[in-house]
Amino acid sequence: MLLDVGNAFPAEKSAKVLQSVLSGLALSTRDTDVAGWYKQQQVIGIMFTEIAPDLKKSILATILMRVSGSLKDCLTLEQFSQIGITFHLFPEDWKNIALRRTPMSP
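Note that the structure is predicted; figures quoted are calculated from it, not measured.

Cut-offs applied
- Residues numbered from 1 in each chain as written.
- Predicted model: local features only at pLDDT ≥ 70, side-chain atom pairs only at ≥ 80, totals over all residues.
- Heavy atoms only, no water.
- Core = buried A, V, L, I, M, F, W, Y, C linked by side-chain atoms within 4.5 Å.
- Buried < 20%, exposed > 50% of the residue type's maximum accessible area, 1.4 Å probe, protein only.
- Helix = DSSP H or I, 4+ residues; strand = E, 2+ residues; numbered from the N terminus.
- Contact = heavy atoms within 4.5 Å.
- Pairing = 2+ DSSP bridges.
- Axes fitted to C-alpha atoms, helices over the stretch in contact; angles between N-to-C directions.
- Expected span 1.5 Å × (residues − 1).
- Arc of directions from axis to C-beta.
- Salt bridge = Lys/Arg side-chain N within 4 Å of Asp/Glu carboxyl O.

K.L.:
What am I meant to see in the nonpolar core here?
P.N.:
A general trend in soluble globular proteins is that nonpolar side chains are found buried together. Judged by nonpolar contacts, the single largest core of 18 residues is most densely connected at Met 1, Leu 3, Val 21, Leu 25, Ile 46, Val 67 and Leu 71. Breaking this core down by element, the ones donating at least two residues are α1 (11-28), β3 (43-47) and α2 (56-74). Broken down by element, this core gets its largest block of residues, 4 residues, from α1. Setting aside residues no more than four positions away along its own chain, Val 67 makes contact with Met 1, Leu 3, Leu 25 and Ser 28.

K.L.:
Where do I start with the sheet that holds strand β1 (residues 2-4) in this structure?
P.N.:
The strand order across the open sheet formed by 4 strands is β2-β3-β1-β4, and the pairing between neighbours is antiparallel. Edge strands, defined here as strands with exactly one partner in the open sheet, are β2 (34-39) and β4 (84-86). Across the sheet, the axes of successive neighbouring strands diverge by a mean angle of 20 degrees, strand direction being ignored. Across 3 bridges, the pairing between β1 and β3 is antiparallel. Each bridged residue has a counterpart across the sheet, and for Asp 4 the counterpart in β3 is Val 43. Contacting β1, β2 and β3, α1 crosses the sheet at an angle of about 10 degrees to β3.

K.L.:
Whenever I open this one, α1 confuses me. Can you help?
P.N.:
An α-helix turns once per 3.6 residues; consequently, residues spaced three or four apart project the same way. Compared with the 26 Å implied by 1.5 Å per residue over 18 residues, the 26 Å span of α1 between its first and last C-alpha is a close match. Among all positions in α1, only Ser 14, Val 17, Leu 18, Ser 20, Val 21, Gly 24, Leu 25 and Ser 28 are buried. Burial along α1 is one-sided: seen end-on, the buried residues are contained in an arc of 165 degrees. Exposed residues on α1 whose side chains face more than 90 degrees from its buried face are Glu 12, Ala 15, Lys 16, Ala 26 and Leu 27. In the core, the buried residues of α1 are packed alongside β1, β2, β3, α2 and α3 (77-81).

K.L.:
Would you mind showing me how to read the pattern of salt bridges here?
P.N.:
Scanning all chains against the criterion turns up 1 salt bridge. For Arg 30, the salt bridge is made with Asp 33, and the minimal N-O distance between the two is 2.6 Å.

So this is what it looks like as structure tokens:
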């Protein structure tokens, strides 16, 4: 999941908003999830581990609901509306994916 705060907030408010976002995320993620900067001071990335492939739609809806709820508790409605949230899924079984290599040109 990527949370894009971008340049939506003036510099004097940005640090406070980011701190509120990080506090909200701490309340809505598990110890096994990994969070960090995807783009320094603008986009926060979270990797949610151990998601069952057959339940991913319901799990993603639950994650979005939990994260949104936590952020709404920490931010104003205006601040919350400025944050972009996107999900990116990766296949669980990498062994079944054919890796293709492009030959190098001489």
